[in-house]
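# Tertiary structure, described
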Amino acid sequence: MGYRPPTVKLPLSPEKIDGRTVTFRPVRDGIESEVSGVIQVIEDANGFNVNASYIVGQNPPRSHVYWFDQSEIDAITRSLIKEKRRILIVDDEPDSTHLVKILLEKTGGYVVLEENDGAKAHQTAQNFRPDVILLDIMMPETDGGEVAAQIEADPELRSTPIIFLTALITKPEIKTGLRIEGHRSLAKPINIPELISGIEEVCPRVTFG
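Anyway, here's the lowdown on the structure attached to this text.

Thresholds applied
Residues numbered from 1 in each chain as written. Predicted model: local features only at pLDDT ≥ 70, side-chain atom pairs only at ≥ 80, totals over all residues. Heavy atoms only, no water. Pairing = 2+ DSSP bridges. Helix = DSSP H or I, 4+ residues; strand = E, 2+ residues; numbered from the N terminus. Axes fitted to C-alpha atoms, helices over the stretch in contact; angles between N-to-C directions. Buried < 20%, exposed > 50% of the residue type's maximum accessible area, 1.4 Å probe, protein only. Contact = heavy atoms within 4.5 Å. Core = buried A, V, L, I, M, F, W, Y, C linked by side-chain atoms within 4.5 Å. Right-handed = clockwise from strand over helix to strand, strands pointing away.

### Some words on the sheet that holds strand β4 (residues 62-67)
The four strands lie next to each other as β1-β2-β3-β4, forming an open sheet whose pairing is antiparallel. Two strands bound the open sheet, and with one partner strand each, they are β1 (21-24) and β4. Strand after strand, the sheet turns through a mean of 40 degrees between neighbouring axes, direction not considered. Relative to strand β2 (residues 35-44), β1 is paired through four bridges, and the arrangement is antiparallel. In the sheet register, Val22 faces β2, and the bridge partner there is Gly37.

In structure tokens, the structure reads:
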């Protein structure tokens, strides 16, 4: 009877884990040292099988496949959720974006990339793969509505949450739950605690019991 890989439940979506490089100890293979491999997620009838290939030896090098059990997957995902949120802020005012970048990164929970040209925002998002996009509405040439439409038409980005930043609406209007084109919106000037609350609302962190 052949080897049956452990069936595991994923605390995160498969896309968040598949393809990640991970450092681990393949102890069931009799190896106590740390090795690196790329995670592969395979859907099983009852859950998922998750493995990573790694290299041992040098002359000649040999490739092994290690199948993770549930406790190892839980440890990997706990490590992954400690990663900083990737935030893309698109606004034609460099002073404004730089201040938001400094204040968000100061919290220790975010990596922020600034884009001050709306026409380049879609390409920047494709390259950066943000967890959340903060998007000014009023920009020259390509405004926030156009950028949002480009993001939503991109199969690889359409699920990325967008928060509109605008001086066109007031804070009292925001408190009524006003949404623009279906997206959460925040009034300028930006209040950082409110911004962080908005980011965590549209992109909540995974926790484990």
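### Looking at the environment of Pro161
Mapped onto the elements, Pro161 comes out in the loop between α5 (144-153) and β8 (162-166). Owing to a relative accessible area of 19%, Pro161 belongs among the buried residues under this scheme. Separated by ten residues in the primary sequence, Pro161 and Ile151 place their C-alpha atoms 9.7 Å from one another. When sequence neighbours within four positions are dropped, the list of residues in contact with Pro161 reads Asp131, Val132, Ile133 and Val202.

### So, the environment of Phe48
Looking at the secondary structure, you find Phe48 in strand β3 (residues 47-56). With 42 residues separating them along the chain, Phe48 and Pro6 place their C-alpha atoms 8.3 Å apart. Here Phe48 is in contact with Pro6, Thr7, Val8, Leu10, Pro14, Val41, Ile42 and Glu43, once residues within four sequence places are set aside.

### Some remarks on the nonpolar core
The biggest cluster of nonpolar side chains holds 20 residues, and the ones touching the most others in it are Leu10, Phe24, Val50 and Phe68. Residue contributions to this core peak at five residues, all from β3.

### Re unusual backbone geometry
In this model, Lys188 is joined to Pro189 through a cis peptide bond whose omega is -5 degrees. Checked against the element boundaries, Pro189 lands in the loop between β10 (183-187) and α7 (192-202). For Arg129, which is not glycine, the phi dihedral falls at a positive 55 degrees. Looking at the secondary structure, you find Arg129 in the loop between α4 (121-128) and β7 (132-136). Arg129 gets classed as partly exposed once you look at its relative accessible area, which sits at 36%. Even without being glycine, Glu141 reaches a positive phi, approximately 65 degrees. When you line up the elements, Glu141 lands in the loop between β7 and α5.

### Re the pairing of strand β6 (residues 110-115)
In terms of strand pairing, strand β5 (residues 85-90) meets β6 through six bridges, oriented parallel. Within β6, the position partnered with Leu88 by the bridge is Leu113. In this region the chain leaves β5, passes through helix α3 (residues 94-106) and returns to the parallel neighbour β6; the handedness of that crossover is right-handed.

The quantities given are spatial measurements derived from coordinates; they are silent on function.
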